[in-house]
Amino acid sequence: MQSQNAFENLCSAAGDTSPAANERREFLLACSSTLLASVALSPLVASAASQARQIKRYSNAILSDSLGDPLRASTLKPLTNYIFHYPFASTPCLLIDMNRDVGGVGKRKSIVAFSAICSHKLAYPAKEVSFIRFQAAASAKSQAEQIHCCADHSVYDPSAGAKVIAGPATAPLAAIALEYDAKSDALRALGTAGAEQFDPFFAKYEFKLSMEYGARAKDRVQQRAAVQELTQFCRNVAQC
Ligand code: FES
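The sections below set out a description of the structure shown in this document. (Residues numbered from 1 in each chain as written. Predicted model: local features only at pLDDT ≥ 70, side-chain atom pairs only at ≥ 80, totals over all residues. Heavy atoms only, no water.)

**Quick word on the overall build of the protein**
Stated precisely, the cut-off is as follows: Comment: elements are numbered from the N terminus, with helices defined as DSSP H or I runs of at least four residues and strands as E runs of at least two. A simple rule labels every residue: compare its accessible area, found with a 1.4 Å probe on the protein chains alone, to the largest value its type can have, and call it buried under 20%, exposed over 50%, or partly exposed in between. By definition, residues are in contact when any of their heavy atoms lie within 4.5 Å. We get accessible surface area from the Shrake-Rupley algorithm with a probe of 1.4 Å; when it comes to residues, only the shown protein chains can shield them.
Each helix and strand counted, the protein has 7 helices and 13 strands in total. For the protein, the residues scored as buried account for 53% of the 240 residues in total. At a minimum sequence separation of 6, the contacts of the protein that also span at least 24 residues come to 60%. Here the protein displays about 10500 Å² of accessible surface, and carbon together with sulfur accounts for 52% of that area.

Below you can see the structure in the form of structure tokens.
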């Protein structure tokens, strides 16, 4: 991967439309929310700096495959649930290639990521079951291409910053800020944007997380975050 300081470079270049500044934007920074996704779209540089500041920085973690090698974004299957844990060892995120430009990252700006902790009552993908997941096809209770939490049927739109479009949830899922390196086709997580649920998540599931992760539950993810399909991580993925 190139510069460790791509994010800072982009922020400092955000108000600069010179050719040199454009070159520094080779690392496209985007966030899963449409608000922050405009950071990746250089015509909106005027507001990019203020938007970028809304990202809460955690570690810069390369998304990796099952072998620990950098995941190539172009190998993601479209409209498929992928999971990785970030920014803490026990906090799951959904990674989705929406198969169309939704203001995300990747060659087609189609890749987005969100915290997979439901903002309603904190359902999340655990190894035994996941009630929250992206659904490619419509169901009786929601339309296609939505993130649907089957626990109480909160529905989020991943093409619009995971805003709530149905159900009891009142807040969007927290977005994961991603950086894309076009040369290597690699992805890196940088931080979060929007309302995090980490503190109530750790409080609610303290015992369960300690059983599953031991003392590592609150460890910050450092250099790598391993990506796998949700169906490989969870024994049962709820359908609704
Ligand atoms: S916990 Fe997800 S809808 Fe209630």
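**Quick notes on the sheet that holds strand β7 (residues 146-149)**
Where we set the bar: Only when DSSP finds a minimum of two bridges between them are two strands counted as paired. To define axes, lines are fitted to C-alpha atoms, for helices over the stretch in contact only, and angles between the resulting N-to-C directions are given on a 0 to 180 degree scale.
Strands sit in the order β6-β7-β8-β9 across an open sheet of 4 strands; the sheet is antiparallel. Each edge of the open sheet is held by one strand with a lone partner, namely β6 (132-135) and β9 (163-166). Each strand axis lies, on average, 35° off the axis of its neighbour in the sheet, ignoring direction. Looking at chain direction, β7 and strand β8 (residues 154-157) are connected through 3 bridges and run antiparallel. Paired with Ile147 across the two strands is Tyr156, which belongs to β8.

**A word on the state of the cysteines**
In protein structure, a disulfide is the covalent linkage between the sulfur atoms of two cysteines. The following threshold applies: A pair of cysteine sulfur atoms is labelled a disulfide when the two atoms are within 2.5 Å.
On inspection of all chains with the given rule, the structure shows 1 disulfide. With its sulfur 2.0 Å from that of its partner, Cys150 forms a disulfide with Cys240. Here the S-S torsion is close to -75°, and the disulfide linking Cys150 with Cys240 is therefore left-handed. Of this pair, Cys150 sits in the loop between β7 and β8 while Cys240 sits in the segment after α7 (230-233), placing them 90 residues apart in sequence. For Cys150, a relative accessible area of 11% gives the class buried. Assessed through its relative accessible area of 23%, Cys240 is described here as partly exposed.

**Brief notes about the nonpolar core**
Keep this limit in mind: Among buried residues, those of type Ala, Val, Leu, Ile, Met, Phe, Trp, Tyr and Cys that are joined through side-chain atoms within 4.5 Å constitute a nonpolar core.
Leu63, Phe84, Tyr86, Leu95, Leu178 and Leu187 are the most contacted members of the largest nonpolar core, which has 38 residues in total. Those residues in contact with Tyr86, other than ones at most four positions away along the chain, are Tyr58, Ser59, Ala61, Thr91, Cys93, Ile176, Ala189, Leu190, Gly191 and Val221. Within the second largest apolar cluster, 19 residues are counted, among which are Val102, Cys118, Phe134 and Ala169.

**Notes on unusual backbone geometry**
Along the chain, Tyr86 connects to Pro87 via a cis peptide bond; the corresponding omega equals -5°. With respect to the element layout, Pro87 can be found in the loop between β3 (82-85) and β4 (92-97). Positive phi values are uncommon outside glycine, yet Lys109 reaches one of about 55°. When you line up the elements, Lys109 lands in the loop between β4 and β5 (111-115). One non-glycine residue, Leu122, lies in positive phi territory at about 70°. Its location among the elements puts Leu122 in the loop between β5 and β6.

**Observations regarding the environment of Asp219**
Following the sequence through the fold, Asp219 ends up in the loop between α6 (206-213) and β12 (224-226). In this structure Asp219 comes out as partly exposed when scored by relative accessible area, which is 38%. Each C-alpha atom of the pair Asp219 and Pro87 lies 8.5 Å from the other, and the pair is 132 residues apart in sequence. Ignoring anything within four residues of it in the chain, the contact list for Asp219 reads Pro87, Phe88 and Ala89.

**Considerations on the pattern of salt bridges**
Under the convention used in this document: Definition used for salt bridges: Asp or Glu carboxyl oxygen within 4 Å of a side-chain nitrogen of Lys or Arg.
Counted under the stated rule, the structure contains 7 salt bridges. Among the salt bridges present, the one from Asp97 reaches Arg108, with a minimum N-O distance of 3.6 Å. Of the two residues, Asp97 is situated in strand β4 and Arg108 in the loop between β4 and β5; the sequence distance between them amounts to 11 residues. Ionic pairing is found between Glu179 and Arg188, a salt bridge with its closest N-O pair at 3.1 Å. Each member of the pair, Glu179 together with Arg188, is buried.

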